[in-house]
Amino acid sequence: MDLDVFVSAHRAEWDRLDALLRRQRRLTGPEVDELVTLYQRTATHLSLIQSSAPDPQLTGRLSQLVARARSAVTGTRRASWRDVTRFLTHGFPAAVYRSRHWWVPTALLSTLVAALLGWWIGAHPDVQAAIAAPDALREMTRPGGQYETYYSSHPAASFAAQVWTNNAQAAAMCLVLGIFLGLPVLWILLLNMLNLGVGIGLMSSAGRLDVFLGLILPHGLLELTAVFVAAGTGLRLGWTLIDPGPRTRRAALAEEGRAALGMAIGLALVLFVSGAIEGFVTPSGLPTWARIAIGILAELAFLTYVYVLGGRAVRAGDTGDVEEHERSAAVPTAA
């Protein structure tokens with residue numbers, strides 16, 4: 001494509017679009033129709049230039065022009081409670097449900113890794129000795145030791161807030177770093193499972209595995225599920241970079257990235273619940289069975305929420321992406 005000829009042929013249209021966008025008065029009906037037509041043409045021109053004869057200066061000018069025109073055509077809107085409700089009842093559960101083929105295997109394999117690590121550590125005193133000195137191990141695992149007092153070492157509200165912040169950051173990192181082919185996600189998962197495996201191994205070697213599970217299960221079921229969902233979604237995002245399917249790689253990454261961003265917000269809410277359980281229920285004086293029952297109920301509530309509301313939303317065509325009118329305009333691309 002001869003760029004100079006192309007610019008000469010369409011410069012008048014771009015200038016006319018710019019003039020319409022600069023109008024201070026209200027546009028007439030014919031002028032609005034003209035603005036929409038020029039916006040569509042300019043968007044196509046921008047796509048052709050980007051794919052056939054990229055020119056940084058011209059691309060920058062047309063990108064700004066298309067963005068201004070799109071804002072004028074679509075208008076601006078403010079988020080409302082309807083958007084929040086739709087996100088919680090459709091967008092977020094749909095996104096989690098769609099990625100279930102990634103996070104469910106991730107959860108199963110990660111749990112297996114943690115159990116195997118726990119068995120290996122618990123069955124080998126030399127491995128335990130490599131973790132810490134015998135006195136330090138006894139201090140961690142004895143009745144009233146560090147594993148038991150950890151959950152009551154700070155005021156419940158501040159402890160819950162700290163736990164929530166740390167877990168939300170870990171989940172967000174899994175979602176964001178998935179773009180690097182999922183490798184950082186695997187490392188984050190390994191660290192989490194290693195910490196869990198060490199606790200299982202040390203407490204089981206001290207004959208106190210039941211105490212450890214009584215402390216970890218009330219909040220850990222929901223907390224780990226949220227981490228697994230984030231990790232599975234991050235891995236899926238990384239795989240999208242390798243195999244975008246029938247979509248272009250850019251379109252696939254944009255769609256999955258927007259859904260992942262929404263999931264980061266939704267999972268922060270889920271982790272807020274698990275943090276509250278960890279801060280107020282886990283160290284409480286409730287019987288062990290009652291604390292575990294609360295954790296199981298929270299986990300079942302989340303899974304029901306995902307599989308019922310999420311499954312229904314997906315069958316209705318929701319993907320967890322933002323609504324169509326809020327996405328970037330899709331324009332034709334040159335072959």
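Residues numbered from 1 in each chain as written. Predicted model: local features only at pLDDT ≥ 70, side-chain atom pairs only at ≥ 80, totals over all residues. Heavy atoms only, no water.

K.L.:
I keep staring at a nonpolar patch on the surface and nothing clicks. Help me out?
P.N.:
On the surface, a cluster of nonpolar side chains totalling about 510 Å² of accessible area is made up of Leu181, Leu183, Leu186, Trp239 and Ile242. Every element with two or more residues in the nonpolar patch is listed here: helix H10 (183-205) and helix H11 (209-242). Tracing the backbone through its elements, the reader meets isoleucine 242 in helix H11. Judged by its relative accessible area of 44%, isoleucine 242 is partly exposed. (Patch = residues over 30% accessible without salt bridge, like charges linked within 9 Å, V, L, I, M, F, W, Y side chains within 5 Å. Areas by Shrake-Rupley, 256 points an atom, 1.4 Å probe, with all protein chains shown as cover. Salt bridge = Lys/Arg side-chain N within 4 Å of Asp/Glu carboxyl O. Helix = DSSP H or I, 4+ residues; strand = E, 2+ residues; numbered from the N terminus. Buried < 20%, exposed > 50% of the residue type's maximum accessible area, 1.4 Å probe, protein only.)

K.L.:
Quick question: what am I supposed to make of the packing of aromatic side chains here?
P.N.:
Two measures describe an aromatic ring pair: the distance that separates the ring centres and the angle between the ring planes. All told, the structure shown has eight aromatic pairs when counted by the stated rule. Taking the centre distance of 6.4 Å and the plane angle of 45° together, the rings of phenylalanine 6 and tryptophan 14 count as tilted. Judged by relative accessible area, which is 11%, phenylalanine 6 ranks as buried. Its relative accessible area of 0% is what places tryptophan 14 among the buried residues. Ring geometry for phenylalanine 92 against tyrosine 305: centres 6.2 Å apart, planes inclined by 40°, an arrangement best described as tilted. Of this pair, phenylalanine 92 sits in helix H4 (residues 81-98) while tyrosine 305 sits in helix H13 (residues 288-315), placing them 213 residues apart in sequence. What links up through ring pairs into an aromatic cluster is the set Phe87, Phe92, Phe302 and Tyr305. (Phe/Tyr/Trp six-rings, centres within 6.5 Å; stacked < 30°, edge-to-face > 60°.)

K.L.:
Just checking my understanding: could you explain helix H2 (residues 29-52) for this structure?
P.N.:
The periodicity of an α-helix, 3.6 residues per turn, causes residues three or four places apart in sequence to face the same way. The end-to-end C-alpha distance of H2 is 35 Å, a good match for the 34 Å that 24 residues give at a rise of 1.5 Å each. Taken together, the buried positions of H2 are Glu31, Leu35, Leu38, Tyr39, Thr42, Ala43, His45, Leu46, Ser47 and Ile49. Among the structural elements, helix H1 (3-22) and helix H3 (56-74) are those in contact with the buried residues of H2. (Expected span 1.5 Å × (residues − 1). Contact = heavy atoms within 4.5 Å.)

K.L.:
What am I meant to see in the pattern of salt bridges here?
P.N.:
If the charged atoms of two oppositely charged side chains come close together, the side chains can form a pair. Enumeration over the complete set of coordinates arrives at 12 salt bridges. Measuring nitrogen to oxygen at the nearest pair gives 2.9 Å for the salt bridge that ties glutamate 34 to arginine 16. Taken together, the residues glutamate 34 in helix H2 and arginine 16 in helix H1 connect sequence positions 18 residues apart.

K.L.:
Explanation requested: the environment of valine 104 in the structure shown.
P.N.:
The residue valine 104 is located in helix H5 (residues 100-123) in this model. Judged by its relative accessible area of 27%, valine 104 is partly exposed. Each C-alpha atom of the pair valine 104 and glycine 232 lies 7.7 Å from the other, and the pair is 128 residues apart in sequence.

K.L.:
Quick question: what am I supposed to make of the packing of H11 against H13 here?
P.N.:
Axes are the key here: two packed helices are described by the angle between their axes and the distance separating the axes. Put simply, H11 and H13 touch, their axes get as near as 7 Å, and they point 10° apart. As summarised for this structure, H11 and H13 are arranged roughly parallel, according to the angle between their axes. Here H11 contributes Gly214, Leu215, Leu217, Pro218, Leu221, Leu222 and Thr225 to the contact with H13, which in turn contributes Thr288, Arg291, Ile292, Gly295, Ile296, Ala298, Glu299 and Phe302. Along the lines of polarity and charge, the residues of the contact of H11 with H13 split into nine nonpolar, four polar and two charged. (Axes fitted to C-alpha atoms, helices over the stretch in contact; angles between N-to-C directions. Parallel < 35°, antiparallel > 145°, perpendicular 65-115°, else oblique. Nonpolar A, V, L, I, M, F, W, Y, C, P; charged D, E, K, R; others polar.)

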